[in-house]
Amino acid sequence: MSTLFDRHDLAGLALRNRIVMAPMTRSRAVTTVPDALTATYYAQRAGAGLIVTEGAQVSEQGRGYLFTPGLHSKAQVAGWKDVTAAVHAEGGAIFAQIWHVGRLSHTSLQPGERAPVGPVARAAAGVQAFAFREDGTPGQMPVSVPRALAAAELPGITADFVEAARNAIEAGFDGVEIHGANGYLFEQFVNGGLNTRDDAYGGAEIANRLRFVLETVDAVAAAIGSARVGIRLSPFNRIFDMPAFEGEAETWLALAQALSTRGLAYVHISNRGAIVDTVGEDFLRAFRNAYGGTLVLAGNYTRDSAEADLEAGLADLVAFGRPFIANPDLVERLRNDWPLAEGDSATFYGGGAAGYVDYPAYRA
Ligand SMILES: Cc1cc2nc3c(=O)[nH]c(=O)nc-3n(C[C@H](O)[C@H](O)[C@H](O)COP(=O)(O)O)c2cc1C
């Protein structure tokens, strides 16, 4: 029987357990450059089999929030070097999540205060971006109406992902996770309710809606090696105004199959609970059957539910998000059945050391 504390061979990278630290935006990079606090934060959590960092934007256009780090400048690469060195010094493994928010941005964050971009010119209703208010102070602003990307612009965005992936390797990361989840750029293209384009990158044809993400996966894999590339998805996601659409299960299963042939490090599903609530566990099983590689699941796990999914063969690795915020030694706490501390959601995003690097390891 496999357990959470077994080792796992991630396409040649030895993980010391099957617990992944899920990517979590913490909004501490005031200048978009990760600093010494960030290095401390991740090093404290290096007991995870694999850390996936918070989303790091691949370009200024890809940014949707103030104070999130990037992976497109020399200064950012230098900052991340200290992070990966600190994690590796603790014996951990770390992938960078590379991110383009697409339409989920505000003009005050965009180069030249231009409109953010998406598959179509439709804003996400009721969604706020953490951006600049009219008076120039940081605050919540409704996301702006995006501009529909021309097909000719898509290779440029793919190239930004390739560059960010190369930067990640230069910065010492063990690999990258392409952010294809949670209503951001790639999911905006995959979603048939939103992506009503009438060109080769959208519309009723599933293959058209998958084209952009698969082209990007292939380009990144060609640049750094497929074994160093993971991707995160959130089938049936409804956050950030993502609509239900016809052929939704078929779309995601087609993507699972297409990814299966590409020799990736892993596919990571971010929203286990929401999937089970919407379409039931059968979908997870079907996805599992369609995707032949390492599958990571995330969403509301406890030690018991994580063990149950590994035992049932639903997942190879299990990701914990929020529990890692207040429990830097989460793996040891799970292993020993020690109690978990509760994180303070007021300090999840933004601020400094408080609620970031000051959660202690367990002491009996
Ligand atoms: C503070 C916070 C920030 C997050 N930021 C990201 C992110 O940058 N990228 C991402 O893919 N998911 C992000 N997520 C989602 C988590 O990775 C995870 O899927 C979710 O929290 C469910 O896992 P949990 O129940 O163990 O927390 C974030 C979640 C939280 C709580």
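Residues numbered from 1 in each chain as written. Predicted model: local features only at pLDDT ≥ 70, side-chain atom pairs only at ≥ 80, totals over all residues. Heavy atoms only, no water.

Undergrad: How would you explain the packing of helix H6 (residues 248-260) against helix H8 (residues 281-290) if you had to name every residue and give the values?
TA: Following both chains from N to C, one finds H6 and H8 inclined at 30°, their axes separated by 8 Å at the closest point. When the interaxial angle is binned, H6 and H8 end up roughly parallel. When the axes of H6 and H8 are compared, the crossing they make is right-handed. Residue-level contacts link Ala249, Trp252, Leu253, Ala256, Gln257 and Ser260 of H6 to Phe283, Ala286, Phe287 and Ala290 of H8. Grouping the constituent residues of the contact of H6 with H8 by class yields 8 nonpolar, 2 polar and no charged. (Axes fitted to C-alpha atoms, helices over the stretch in contact; angles between N-to-C directions. Helix = DSSP H or I, 4+ residues; strand = E, 2+ residues; numbered from the N terminus. Parallel < 35°, antiparallel > 145°, perpendicular 65-115°, else oblique. Left-handed = near helix turned anticlockwise from the far one by under 90°. Contact = heavy atoms within 4.5 Å. Nonpolar A, V, L, I, M, F, W, Y, C, P; charged D, E, K, R; others polar.)

Undergrad: Account for the site of the ligand, naming residues and giving values.
TA: Around the ligand sit 18 residues in total, of which Pro23, Thr25, Arg232, Asn300 and Arg322 are the nearest. In this structure, a nitrogen atom belonging to the ligand sits 3.3 Å away from a side-chain N or O atom of asparagine 182. Serine 270 is positioned such that a nitrogen or oxygen atom in its backbone is 3.3 Å from an oxygen atom of the ligand. Against a free-state accessible area of 610 Å², the protein chains account for coverage of 88% of the ligand. Each residue belonging to the shell around the ligand can be placed in one class, and the counts come to 7 nonpolar, 9 polar and 2 charged. (Near = heavy atom within 4 Å. Polar contact = N/O pair within 3.5 Å; in protein donor to acceptor, adjacent residues only side chain to side chain. Areas by Shrake-Rupley, 256 points an atom, 1.4 Å probe, with all protein chains shown as cover.)

Undergrad: How would you sum up the packing of aromatic side chains? Please name residues and give values.
TA: The full count for this structure, using the stated rule, is 15 aromatic pairs. Their ring planes at 85° and their centres at 5.3 Å tell us that tryptophan 99 and tyrosine 184 sit as a pair that is edge-to-face. Pair noted here: tryptophan 99 is in strand E5 (residues 94-99) and tyrosine 184 is in the loop between strand E10 (175-180) and helix H4 (185-190), with a separation of 85 residues, a long-range link. The class for tryptophan 99 is buried, based on a relative accessible area of 1%. Site record: aromatic cluster; members linked through ring pairs are Tyr65, Trp99, Tyr184 and Phe240. (Phe/Tyr/Trp six-rings, centres within 6.5 Å; stacked < 30°, edge-to-face > 60°. Buried < 20%, exposed > 50% of the residue type's maximum accessible area, 1.4 Å probe, protein only.)

Undergrad: So what's going on with the environment of valine 117? Which residues, and what values?
TA: Structurally, valine 117 is set in strand E6 (residues 117-118). Measuring from C-alpha to C-alpha, the distance between valine 117 and leucine 149 comes to 6.0 Å, with 32 residues separating the pair along the chain. Contacts of valine 117, omitting those with residues within four sequence positions, involve Gln61, His100, Gly102, Arg103, Pro146, Arg147, Leu149, Leu185 and Gln188.

Undergrad: Summarise the pairing of strand E14 (residues 317-320); cite the residues concerned and give the values.
TA: It is a general feature of regular strands that their side chains alternate between the two faces of the sheet. Taking every second residue as pointing to the same face, both faces of E14 are buried, with Leu317 and Ala319 on one and Val318 and Phe320 on the other. In terms of strand pairing, strand E3 (residues 19-21) meets E14 through 3 bridges, oriented parallel. The residue bridging isoleucine 19 from the neighbouring strand is valine 318, located in E14. With 3 bridges joining them, strand E13 (residues 295-298) and E14 adopt parallel strand pairing. Of the residues in E14, the one forming a bridge with leucine 297 is valine 318. Crossover connection from E13 via helix H9 (residues 303-312) to parallel E14: handedness right-handed. (Pairing = 2+ DSSP bridges. Right-handed = clockwise from strand over helix to strand, strands pointing away.)

Undergrad: Help me get a handle on the sheet that holds E10, residues and values and all.
TA: Ordered by their spatial adjacency, 8 strands build a closed barrel running E3-E4-E5-E10-E11-E12-E13-E14, and the pairing between neighbours is parallel. Recorded for the sheet is a direction-independent mean angle of 25° between the axes of neighbouring strands. Taken strand by strand, H9 contacts E13 and E14, and its axis lies near 155° from that of E14.

Undergrad: Which residues make up the pairing of strand E7 (residues 128-132), and what values go with them?
TA: Sheet analysis places E7 next to strand E8 (residues 138-142), joined by 5 bridges and oriented antiparallel. Across the sheet, the residue bridging to phenylalanine 132 is proline 138, located in E8. In this structure, the hairpin formed by E7 and E8 is closed by a connection of 5 residues, where glycine 136 is found at a positive phi of approximately 90°.

Undergrad: Which residues make up the side chain of glutamate 177, and what values go with them?
TA: Inspection of the secondary structure assignment puts glutamate 177 in strand E10. Among the residues examined, glutamate 177 registers a relative accessible area of 0% and is labelled buried. Reaching out from glutamate 177, the side chain makes a polar contact with the side chain of tyrosine 266 at a distance of 2.7 Å.

Undergrad: Give me the side chain of glutamate 307: which residues, what numbers.
TA: Locating glutamate 307 in the fold gives a position in helix H9. The charged side chain of glutamate 307 is buried without a salt bridge, its nearest counter-charge being arginine 303 at 4.1 Å. (Lys, Arg positive; Asp, Glu negative; His and termini not counted. Salt bridge = Lys/Arg side-chain N within 4 Å of Asp/Glu carboxyl O.)

Undergrad: Explain the pattern of salt bridges to me, and be specific about the residues and the numbers.
TA: A full pass over the atoms with the stated rule returns 11 salt bridges. Close ionic contact of arginine 232 with glutamate 177 constitutes a salt bridge, the shortest N to O distance being 3.9 Å. Residue arginine 232 is located in strand E11 (residues 229-233), and its partner glutamate 177 is located in strand E10; the two are separated by 55 residues in the primary sequence. A salt bridge links arginine 238 to glutamate 248; the shortest N-O distance between them is 2.8 Å. With arginine 238 in the loop between E11 and H6 and glutamate 248 in helix H6, this residue pair connects regions lying 10 residues apart in the sequence. Note on arginine 238: relative accessible area 34%, which makes it partly exposed.

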